[in-house]
Amino acid sequence: MNFADCSKLPDSTLRCPKNLWVRHNHPLMKIPLLVPRMLLVAVPVLCAATPIGHEGRRPAPVGGTGSGQPPPHAVDLWMGQGDSVGVDTAWARAAERERFATFPPKPVAAVTPAGVGDGFLTVGSVAVLEGDECTVASRGTGFGIGAGNMECISSRFIAAFGDDYDQIAVFLSFVDRLTPTALAYQQAIKNTTKGIGIDLFDFADRYGSRSGRLETVLNMKRITIYGRDAAEEMDNDLYSVWAQEAAHRWIVYFRFQREGDGKVSEDLLGRQKAHWARGVQADASFMDGWSWKENGDGTFTPVERGKRYGALDQYGMGLRTADEVPPFFLLTDIRNERDELVDKAPLSRTGRYTAKKLDLSIKDIVRVHGKREPSSDPAAQDLRMGVVLVVASGTPATQKIGEAFRIDNTRRLWTDFYNTAGDGRGKVCTELLRPCRGEAFTYADAQLSEAPSVMPKDGVVAPGEAFVVKITVTNVGTVAGRASVRAATRGWAEMTKDLVDSPVLAPGKSATLTFDGRVAGDAAVGEELYLDLSAPGRLGPSKAALGFVLGLKEVRLDNLEGSQAPTAWQVNPDGTDAATSGAWELGNPERSIEFEFTMQPQGAFSGSHAFVTGAPDGQNVKNGATTLQSPEFSLAGLSEPRLSFRVYFVSADFDNEVLIPGAGDTLRILASPDGKAWSEIDRIEGMGLGWQRRIVNLSERLPPGAMAAPSLRFRFVADNAGVVQNNVVEAVIDDVGVFSAAVAAVNPGVDATPPLDMALGGCDCRVGQGRDSRPSRWLVIGLGHGGVVLLAWRRLRRRHRRIRE
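The rules behind the values
- Residues numbered from 1 in each chain as written.
- Predicted model: local features only at pLDDT ≥ 70, side-chain atom pairs only at ≥ 80, totals over all residues.
- Heavy atoms only, no water.
- Axes fitted to C-alpha atoms, helices over the stretch in contact; angles between N-to-C directions.
- Helix = DSSP H or I, 4+ residues; strand = E, 2+ residues; numbered from the N terminus.
- Parallel < 35°, antiparallel > 145°, perpendicular 65-115°, else oblique.
- Left-handed = near helix turned anticlockwise from the far one by under 90°.
- Contact = heavy atoms within 4.5 Å.
- Nonpolar A, V, L, I, M, F, W, Y, C, P; charged D, E, K, R; others polar.
- Core = buried A, V, L, I, M, F, W, Y, C linked by side-chain atoms within 4.5 Å.
- Buried < 20%, exposed > 50% of the residue type's maximum accessible area, 1.4 Å probe, protein only.
- Phe/Tyr/Trp six-rings, centres within 6.5 Å; stacked < 30°, edge-to-face > 60°.
- Lys NZ or Arg CZ within 6 Å of the ring centre and 35° of its normal.
- pLDDT = per-residue confidence, 0-100.

**Description of the packing of helix H7 (residues 237-247) against helix H11 (residues 401-421)**
Consideration 1: It is the contact of H7 with H11, at a shortest axis distance of 10 Å, that shows an interaxial angle of 65 degrees. Relative to H11, the element H7 is oriented roughly perpendicular. Considering how the two elements wind past one another, H7 and H11 form a crossing that is right-handed. Here Leu238, Tyr239, Ser240, Trp242, Ala243 and Ala246 of H7 lie close against H11, whose contacting residues are Thr410, Arg411, Leu413, Trp414 and Phe417.
Consideration 2: For the contact of H7 with H11, the per-class residue count stands at eight nonpolar, two polar and one charged.

What follows is the structure in structure tokens.
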């Protein structure tokens, strides 16, 4: 009997052979058919499903007391704003005259929290992000950003720096062609405040804020629009524009209704129904508001505009209670001395205007919208704002260091500006990695060493070994506090002691904290172990990311402090250098500043001596190259040798109101076994951010013949290529040495269970080769599941065989 015949019988379960029925009906027998069916169903579901938390929550109406979720509100380049925004708008007038492009809301994939600052270049407290198809939109031959791009930018920022920000201010390194008529604008994200004229809504999760703290993202466009003075003068229009866009989170959306009058009026509202009408006595508000002077003869003079947050502004922002708002008035039918209506015509600050005056109070606003709930707003009183510079797609972030540096200077002035704009009632903090007030901590002097359990010790933390990290924590805040610091490794290790409390530290005081961990057995020698640190505080966490190089043992280090340095090192060894100034010399560098950027640091990296291209201020490399040659460094007995050195390098030019990397200028590092044949092993270009450590794997950069030599010499060639006139090239070299790959200790520690991937196959240390544990991990999981199914299959077959027998 075959199975087809059996299945036709009236009682196939009873009358068919038992082994045949089991083979067809047992659940395990259906696995080969179920798997492809499950995949056919699951794959489309996985592709189409919206991540939890991205369902697109709609605004919750407030019973008609608001106007719904406000659209983006902008400061225009013209349309009546020319008298308040003193910038050159010629380029914008030539652009197409379109209003804000509309972008339908769309969910974005959940962003996994990254390491501190991961994916960003940090310049001061400005986070620089290289653009891609998610963060930047292409528009013709240019670029722009819309609401969807804002979602990506803020999500990545929060993943790297934490969900601890009320607002994010986005600057661009390009002209925004999606909104060419807007000088800046704010994108509303969340409102949970009643009584300010807009409905309740919450799209914070779309922008990466799982806690819901983020309320607004600002598009501040390009800093160059405001001219060079933006980073130097608080009177620059940038700051009033910035203040307006930040405050659009709360204002201006007020209607009013006078007592006994059944009509609700919108006459307080001007441009876009989100700014003060010109006739409002608005204390010269940043929100297009004027301060009107009554002349006593029935005329009025507009004396100020756009100077501060007025009393009405402060009420809307939660900086002032309703009882603290004085009476105000509204002027309508404003006419000049020729009795001409000046509805849209510019106002003169010395003119005398006639108008109809309507006396009002805050009660007339509350009558429409209800009381502000809550009456105060922590986000305005202590505003935490992140500052981001987004670089155009295809442009490395390092090319915009000068622009980011200028924005960082601007950020500092903005802090002072906001703190005084609201009569001192509100403060803003734009520090990227710590709060500005209260308990705030910095981390320094980090030291990585072998744990006491590691035997024998060679002074180097190698793969598979337990380690100890000591970190100096300093309270840079304004009050005494205890730092509860948590350490988390990124990739190559795991912590065994990751939370340490400091003693109570007064402002300016420090303490040393100790953490324990173990490096993975398959970590790569020469790679960096990153340690993320965070100490929570009432006003925000204090964070940092530290890097340690694994498994390298110092063989010889020349710190350039010895008496032999001047004779052992040679400048212009071949006599062919063309530089007319800035030749290498041994000395103590003096700070050199161009356009507020530090071109040459103050002092050596260590000690008091370094090789610098012109130690005195202003002596930089001109018209060619200058060469520095090292003494011989022995390679005898070294395993996978590395060259290590500390370097400070800047190549800069001034263009379009900001510093840009100099074109063609380089610091090239060469190596030779005989002083005749030289190979380039490293190259540095552009504008550096302070001192950096360079580690070069010589076996990867030199031919086998050179590596077989007993020793090597190195050259550092600083070259001003002369492509651009009046550019600056500065270089400093210190602490040059040769390192060898260390061998893992015989006894990596006392722990019985190896951490991470060590349990899957021992050390497997591959010098200079990183690991990607994710593919191997999934392979192991897949093989494990496959093995379980196979064993079950074989066991079932044996059982069937016994049944037949």
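**Things to note about the nonpolar core**
Consideration 1: Phe157, Met220, Trp242 and Trp414 are the most contacted members of the largest nonpolar core, which has 113 residues in total.
Consideration 2: Broken down by element, this core gets its largest block of residues, nine residues, from H11.
Consideration 3: Aside from chain neighbours lying at most four places away, what touches Trp242 is Ala169, Phe171, Leu218, Met220, Met385, Val387, Thr410, Arg411 and Trp414.
Consideration 4: By size, the runner-up hydrophobic cluster in this structure holds 31 residues, among which are Trp569, Trp584, Leu712 and Phe716.

**Some thoughts on the packing of aromatic side chains**
Consideration 1: Tallying each qualifying case throughout the model produces 25 aromatic pairs.
Consideration 2: Between Trp242 and Trp414 the ring centres are 4.7 Å apart and the planes differ by 5 degrees, which places this aromatic pair in the stacked class. Separated by 172 residues along the polypeptide, Trp242 in helix H7 and Trp414 in helix H11 bring together distant segments of the chain. Across this residue pair, the class does not change: Trp242 and Trp414 are buried.
Consideration 3: The rings of Phe171, Tyr239, Trp242, Phe286, Tyr309, Trp414, Phe417 and Tyr418 are connected pair by pair, giving a single aromatic cluster.
Consideration 4: Residue placement shows Arg556 over the ring face of Phe633; its charged tip is 4.4 Å from the ring centre.
Consideration 5: Across from the ring centre of Phe739, 5.2 Å away, lies the NZ or CZ of Arg693, which sits over that ring.

**Looking at the confidence of the model for the protein chain**
Consideration 1: Here the protein chain averages 81 in pLDDT, while 77% of its residues score no lower than 70.
Consideration 2: Contacts from residues 745-781, a stretch scored under 50 in pLDDT, to residues over four places away or in other chains number 70 contacts.
Consideration 3: In the predicted structure, residues 799-805 sits below a pLDDT of 50 and forms seven contacts with residues beyond four places in sequence or in another chain.

**Some details on unusual backbone geometry**
Consideration 1: Ile251 connects to Val252 through a cis peptide bond whose omega is 5 degrees.
Consideration 2: Relative to the helices and strands, Val252 resides in the loop between H7 and strand E11 (290-294).
Consideration 3: Pro374 follows Glu373 through a cis peptide bond whose omega is -5 degrees.
Consideration 4: Secondary-structure assignment places Pro374 in the loop between helix H9 (362-369) and helix H10 (378-381).
Consideration 5: Even without being a glycine, Gln272 presents a positive backbone phi close to 60 degrees.
Consideration 6: Along the chain, the position of Gln272 falls in the loop between H7 and E11.
Consideration 7: Note on Gln272: relative accessible area 28%, which makes it partly exposed.
Consideration 8: The phi dihedral of Asn623 is positive, around 65 degrees, even though this residue is not glycine.
Consideration 9: On the secondary structure map, Asn623 appears in the loop between strand E30 (610-613) and strand E31 (625-629).
Consideration 10: Residue Asn623 is classed as exposed on the basis of its relative accessible area of 55%.

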